[in-house]
Amino acid sequence: MWIKHSFFKYITAAILILILYYFLEKLELLQPVKTITGTLFYPFLIAGFLFYILRPVVHWIAKVVPLPVAILAVYAAIGGILYGAFRLLAGTIQKQVSNISQLPDKLKQTAEEASKKIEENDMGVVSGVSIRQRLTEYFGNLTTKIGEHMTEVFSTIAGATTVLVIVPFVLFFLLKDGHKLIPFLKRALPSKHKPRGEKLLQDLDYMVSSYIVGQVTIAAVDGVLTYIGYVLIGLDYALLLGILVLFTCVIPFVGPVIGAIPAIVIALMQAPSMAIYVIIIFIVVQQLESNLVAPFVFGERLDIHPLTVILLLVVAAPLYGVVGMIVAVPTYSVLKVLAKHIYQFYRLYHPT
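As annotated in an unreviewed UniProt entry, the chain carries the name AI-2E family transporter and is attributed to Halobacillus litoralis.

Concerning the overall build of the chain
Helix and strand counts for the chain stand at 12 helices and zero strands. When the helices and strands of the chain are read in sequence order from the N terminus, they spell out α-α-α-α-α-α-α-α-α-α-α-α. Taking all 352 residues of the chain together, the buried fraction comes to 26%. Expressed as a percentage of contacts within the chain between residues at least 6 apart in sequence, the contacts between residues at least 24 apart total 70%. For the chain, the exposed surface amounts to about 23500 Å²; the carbon and sulfur share of it is 72%.

Description of unusual backbone geometry
Within the chain, tyrosine 237 stands out as a residue other than glycine whose phi angle is a positive 60 degrees. For tyrosine 237, the location among the structural elements is in the loop between α8 (194-233) and α9 (238-248).

A few points about the UniProt feature "transmembrane region" (unreviewed entry) in the chain
Within this structure's numbering, the places UniProt gives as "transmembrane region" (unreviewed entry) are residues 7-24, 36-54, 66-86, 153-175, 208-233, 239-268, 275-298 and 310-335. For the annotated span residues 208-233, helix accounts for 100% and strand for 0% of the residues, and the straight-line distance between the end C-alpha atoms is 37 Å.

Considerations on the pattern of salt bridges
Per the counting criterion, the structure on display carries four salt bridges. Two residues, aspartate 177 and lysine 180, come together in a salt bridge whose shortest N-O distance is 3.5 Å. Among the residues examined, aspartate 177 registers a relative accessible area of 25% and is labelled partly exposed. With a relative accessible area of 47%, lysine 180 lands in the partly exposed category. Here aspartate 203 ties to lysine 199 by a salt bridge, and the two come within 2.8 Å at their closest N and O atoms. Within this pair, aspartate 203 and its partner lysine 199 are both found in helix α8, separated by four residues, close to a single helical turn.

Considerations on the packing of aromatic side chains
In the structure shown here, the tally under the stated rule is two aromatic pairs. Here the aromatic rings of phenylalanine 172 and phenylalanine 173 are separated by 5.4 Å at their centres, their planes lie at 90 degrees, and the arrangement is edge-to-face. Accessibility expressed as a relative area gives 17% for phenylalanine 172, which makes it buried.

Section: the nonpolar core
Soluble globular proteins tend to pack their nonpolar side chains together in the buried interior. Counting 25 residues, the largest nonpolar core has Val58, Leu171, Leu175 and Ile212 as the members making the most contacts within it. With seven residues, the single largest contributor to this core is helix α2 (residues 31-61). Here leucine 171 is in contact with Ala47, Leu50, Phe51, Leu54 and Tyr75, once residues within four sequence places are set aside.

Focus on α8
Given a rise of 1.5 Å per residue, 40 residues ought to cover 58 Å, and the 58 Å separating the end C-alpha atoms of α8 matches this to within 8%. Just downstream of α8, glycine 234 is the residue with a positive phi angle, here 75 degrees.

Cut-offs used in this document
Residues numbered from 1 in each chain as written. Predicted model: local features only at pLDDT ≥ 70, side-chain atom pairs only at ≥ 80, totals over all residues. Heavy atoms only, no water. Helix = DSSP H or I, 4+ residues; strand = E, 2+ residues; numbered from the N terminus. Buried < 20%, exposed > 50% of the residue type's maximum accessible area, 1.4 Å probe, protein only. Contact = heavy atoms within 4.5 Å. Areas by Shrake-Rupley, 256 points an atom, 1.4 Å probe, with all protein chains shown as cover. UniProt positions renumbered as here; feature names shortened; annotations may be inferred. Salt bridge = Lys/Arg side-chain N within 4 Å of Asp/Glu carboxyl O. Phe/Tyr/Trp six-rings, centres within 6.5 Å; stacked < 30°, edge-to-face > 60°. Core = buried A, V, L, I, M, F, W, Y, C linked by side-chain atoms within 4.5 Å. Expected span 1.5 Å × (residues − 1).

Given below as C-alpha cells:
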C-alpha cells in the first residue's frame, strides 16, 4: 500500500518538522538558539577556514615535534610574518591610508571638472550648476549618515575584535583535536554502516579542504600579481588595492570584479588612460588564473560547472551577502557529496 512506502514516511517526517519549527518560531522559543548560533557562527567560520589552510603545515611539523608544540610553532611563525610585514609595509600602508581621506575631495574636484566640461559642450542639455548642487547635497548627506551610524560602526568594531580574540583559541583546539572528529562520529553508526559512513566523512573533508585551500591559493596569487601590475603602471594606493583583491578573490568569479572596481575608479581620477591599463592587468591576471593557476591548484578535484558556481553566487548574494557568497560553493559541494552517498546507500538497500 502506498501509505506504507518509505518515501511517504520521509515526506511526513519532513512536514512534521517544518510544522514544529513554525510553532517554535511563533512562540519565540528559538530565539536563544539563534542568539547562540549567531554569536558562534563567525568565530567558527573563520577558524574553520584557517583550520583547513594550516592543517597540512601543522601535520608536517608534528612529524618531528608534539602536536601542541607544532601548533604553537605555526602561531609563532604567523605572528613573526605579520610583524615583519607590518614593519616592512607599515609606512606605505599608513601613507596610502592617510591619502584615502583625500579621496572624497578628489572625487568632488573630478566631478566638478567634468561638470564644467559638460556645461561647455552640452548645448544647454545639462546644467553644471545642478550637477554641483547635487554633488554638494550628496557629500553633505554622506557626512550626516556617517555621523548617525557611528554607534553601529563602534558596535561592529567591538564585535569584530571579540571574534578575533576568540578565533585563535577555537583554531588551536580544531588543529589539536580535529583528527578525532571522524572516529567520534563513526562510533555513533551501526557496525554495518561504519565503512560507508567513514568514506562519506572523508569525502566531505576532502571536498571542503580542496576548495578552501585552492581558493585561498588562487586569491593570494591574484593579489600578488595584481599588486605587481599596479606598481608597474604607477597606480596610486597599489598596496591597499592589491590587499583588497587578495580578500575579494576568495569569492570565485565575482570577487576579482569587485576588487577591480575601486582600482578603475582611482585610475580614472589619476589619469583616464590609467583605467585602460588597470583593465588590461585585470584581464591578464584572470587569464593566468584560468589557464595556469586554477588547473594546477584544483585539477579534477572539484567537479562543479562554472555556470553552477555563478548561479550559486547570484542566489547567495541577496540572501546572505558576502558571507553567503563565500560559503555558497563549499556548502553546495558538501550537499552534492551527501546526495551522492545517500543515493548510493539507497541503491544498495533498495535495488531495482
